[in-house]
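Structure at a glance
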Amino acid sequence: MVDEVILLDYWPSMFGVRTRIALEEKNIKFDYIEQDLCNKSALLLEMNPVHKKIPVLIHNGKPVCESLIQVEYIDETWPRENPILPSDPYQRAQARFWGNFIDKMLPGLGKLMWGVKGEEQEAGKEFVEMLKMLESELGDRTYFGGETFGYVDIALIGFYGWFDAFEKYGNFSIEAECPKIIAWAKRCVKRDSVAKSLPDSEKVTELVPELKKKKRVG
Amino acid sequence: MADEVILLNFWPSIFGMRTTIALEEKGVKYEYREEEDVINNKTRLLLEMNPVHKKIPVLIHNGKPVCESIVQVQYIDEIWPEKNPFLPKDPYQRAQALFWADFIEKKVCVCGRRVWTTKGEELEAANKEFLELLKILQSELGDKPYFGGDKFGFVDTVLIGFFCWFPAYEKFGNYSMESECSELMAWGKRCMQRDSVANYLPDPERVIGYVLHLKKLFGLE
């Protein structure tokens, strides 16, 4: 039976990027359906009734929600090509720890981009501190996964499409603060799966004022 | 080689309860070490083993730390897979279990924290949301004896710590869990029949005492 794989997503989403990359890494054919988050489709509401959020991965009619859970699911369902998580349980626990850490950056980024005026300074500082911890964890390795592109790389690279926007609105330079992270990101972008999946940074930055307006009204 | 397993914990922590119960369910021999003053005076071992978050619980397996309770429960399940498996073998069922654990972590725990750190209107809103979230979980449980189905599993392990905190939530929120979420309470009592839960979940009265102490500390009486 041929697999039917659908991804409900929104083009700038840092989380959607993770799932797109995982599917591309595994060479899975999937149907990408762009969602209008101001006017959520019946399918989205049916497939993610709890959070009503993208991305939603629908595999043979059954939904999997939450991007890092989708990445693990994709890795387990199509295990042969380009393994994403390490096979050793301890290494796997470390990867999941850093995935969890990266997700913890989110509330701060929310304050940076959509918060009350005056909050950006503090939020920007916090973001850079967390990025420095990741940079220290990366060390001199090619990827967080070591020599192979893996789970933690996928968890973080989605944020790269938004780096220009973070810098602009937070008034700092990620290159100056975390040059190794920028070097790592540029290495990742050379992979087809990443190049295909990352949104255009300029388009993301252009979108921000519109999103700010919507968030004020919403 | 015998495994050396150490758990750094603080007794009221819902997160620490997950890891404790997971180790007990697997029959793993471990050394429990209480962080007596985890807020003001963290031990050197804790700071060395969890330099990023400086939080408990920390699981130290043959000298190597694993941090974050949900990551620890998954790790324990993978290292000691034969006895009482927590996660289903099927990837789709596993993804569903991980989804609900994530829901508990991102929604229930976060809202639960607001109940202890706010007052007035904010507190009222937090109490309301907390009950709504529990009802969503109750709906997911449905007619099953456990979230894991017939067997006590991953989601049960992640949620059960709240059971000894429910009387505290009731007292300070001024509502009755039994009236609001009777099926969830029945589930909790069912889980309490397991040794791993009954022997290691703290006494709810002691938890209430701890909450009173916290409220005084943060000026929220």
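Residues numbered from 1 in each chain as written. Chains lettered and ligands numbered in written order. Predicted model: local features only at pLDDT ≥ 70, side-chain atom pairs only at ≥ 80, totals over all residues. Heavy atoms only, no water.

1. A closer look at the overall build of chain B
- If you tally the helices and strands in chain B, you get eleven helices and four strands.
- Relative to its length of 221 residues, chain B is compact, with a C-alpha radius of gyration of 17 Å against a globular reference of 17 Å.
- Considering chain B as a whole, with its 221 residues, one finds that 54% of them fall into the buried category.
- A fraction of 69% describes how many contacts in chain B between residues 6 or more apart in sequence connect residues 24 or more apart.
- Surface accessibility of chain B: about 10500 Å² in total, with carbon and sulfur atoms responsible for 50%. (Helix = DSSP H or I, 4+ residues; strand = E, 2+ residues; numbered from the N terminus. Rg over C-alpha atoms; globule rule 2.2 N^0.38 Å. Buried < 20%, exposed > 50% of the residue type's maximum accessible area, 1.4 Å probe, protein only. Contact = heavy atoms within 4.5 Å. Areas by Shrake-Rupley, 256 points an atom, 1.4 Å probe, with all protein chains shown as cover.)

2. Examining the UniProt feature "domain: GST N-terminal" (unreviewed entry) in chain B
- The sites that carry the UniProt feature "domain: GST N-terminal" (unreviewed entry) are, in the present numbering, residues 3-84 of chain B.
- As annotated, residues 3-84 of chain B has a helix share of 35% and a strand share of 21%, and its two end C-alpha atoms lie 19 Å apart. (UniProt positions renumbered as here; feature names shortened; annotations may be inferred.)

3. Here's the deal with the packing of aromatic side chains
- The full count for this structure, using the stated rule, is 28 aromatic pairs over all chains.
- Ring centres of Trp116(B) and Phe172(B) lie 5.8 Å apart, and the angle between their planes is 85 degrees; on these two criteria the pair is classed as edge-to-face. Taken together, the residues span a long stretch of sequence, with Trp116(B) in helix α4 (residues 91-117) and Phe172(B) in helix α7 (residues 166-173) at a distance of 56 residues.
- For Trp116(B), a relative accessible area of 10% translates into the label buried.
- Ring pairs connect the aromatic residues Phe10(B), Trp11(B), Trp116(B), Phe130(B), Phe162(B), Trp165(B), Tyr169(B), Phe172(B) and Tyr210(B), which therefore count as one cluster.
- Here the basic side chain of Lys26(B) rests over the ring of Phe86(B), its NZ or CZ set 4.6 Å away from the ring centre.
- In this structure, Lys64(B) packs its charged tip against the face of Tyr90(A), placed 4.4 Å from the ring centre. (Phe/Tyr/Trp six-rings, centres within 6.5 Å; stacked < 30°, edge-to-face > 60°. Lys NZ or Arg CZ within 6 Å of the ring centre and 35° of its normal.)

4. Considering the interface of chain B and chain A
- Each partner contributes residues to the interface: chain B has 24 residues there, and chain A has 25 residues.
- Across the chain B to chain A interface the summed buried area is about 2300 Å²; carbon plus sulfur atoms make up 66%.
- One can count six salt bridges joining chain B with chain A.
- We note a salt bridge from Lys106(B) to Glu66(A), for which the minimum N-O separation is 3.6 Å.
- Remark: the boundary between chain B and chain A carries eight residue pairs in polar contact (both at pLDDT 80 or more).
- Counting residues per element, the ones that place at least two in the side of chain B that touches chain A are β4 (64-67), α3 (69-79) and α4 of chain B. (Buried area = accessible area lost by both parts, 1.4 Å probe. Salt bridge = Lys/Arg side-chain N within 4 Å of Asp/Glu carboxyl O. Polar contact = N/O pair within 3.5 Å; in protein donor to acceptor, adjacent residues only side chain to side chain.)

5. Looking at the UniProt feature "domain: GST C-terminal" (unreviewed entry) in chain B
- Mapped onto the present numbering, the UniProt feature "domain: GST C-terminal" (unreviewed entry) falls on residues 90-218 of chain B.
- The distance from the first to the last C-alpha atom of residues 90-218 of chain B is 45 Å, and the span holds 74% helix and 0% strand.

6. Structural notes on the side chain of Ser13(B)
- Considering the arrangement of structural elements, one finds Ser13(B) in the loop between β1 (5-9) and α1 (14-25).
- Side-chain polar atoms of Ser13(B) contact the backbone nitrogen of Gly16(B), separated by 2.9 Å.

7. With respect to a positive patch on the surface
- Residues Lys40(A), Lys52(A), Lys53(A), Lys215(A) and Lys107(B) make up a contiguous surface patch of positive charge.
- If you trace the backbone, Lys215(A) turns up in helix α12 (residues 201-217). (Patch = residues over 30% accessible without salt bridge, like charges linked within 9 Å, V, L, I, M, F, W, Y side chains within 5 Å. Lys, Arg positive; Asp, Glu negative; His and termini not counted. Charge placed at Lys NZ, Arg CZ, Asp CG, Glu CD.)

8. Focus on a negative patch on the surface
- A contiguous patch of negative charge on the surface is contributed by Asp164(A), Asp200(A), Glu202(A) and Glu206(A).
- For Glu202(A), a relative accessible area of 60% puts it in the exposed group.

9. Overview of the side chain of Gln74(B)
- Mapped onto the elements of the fold, Gln74(B) is located in helix α3.
- Judged by relative accessible area, Gln74(B) falls into the buried class, the value being 5%.
- In contact with Gln74(B), not counting residues within four places along its chain, are Glu72(A), Arg96(A), Leu87(B), Leu98(B) and Phe154(B).

10. Focus: the packing of helix α5 (residues 106-114) of chain A against helix α6 (residues 119-138) of chain A
Residue and element names in this part refer to chain A.
- In the contact formed by α5 and α6, the axes pass within 8 Å of each other and the chain directions differ by 145 degrees. The way α5 lies across α6 gives a crossing that is left-handed. Contacts between α5 and α6 involve Gly 108, Leu 109, Lys 111 and Leu 112 from the first element and Glu 119, Glu 120, Ala 123, Gly 124, Glu 126 and Phe 127 from the second.
- Considering only residue class, the contact of α5 with α6 consists of four nonpolar, two polar and four charged. (Axes fitted to C-alpha atoms, helices over the stretch in contact; angles between N-to-C directions. Left-handed = near helix turned anticlockwise from the far one by under 90°. Nonpolar A, V, L, I, M, F, W, Y, C, P; charged D, E, K, R; others polar.)

11. Quick notes on a nonpolar patch on the surface
- Where nonpolar side chains cluster on the molecular surface, the patch consists of Ile39(B), Leu217(B) and Phe218(B) and spans about 300 Å² of accessible area.
- Its location among the elements puts Phe218(B) in the segment after α11 (204-217).

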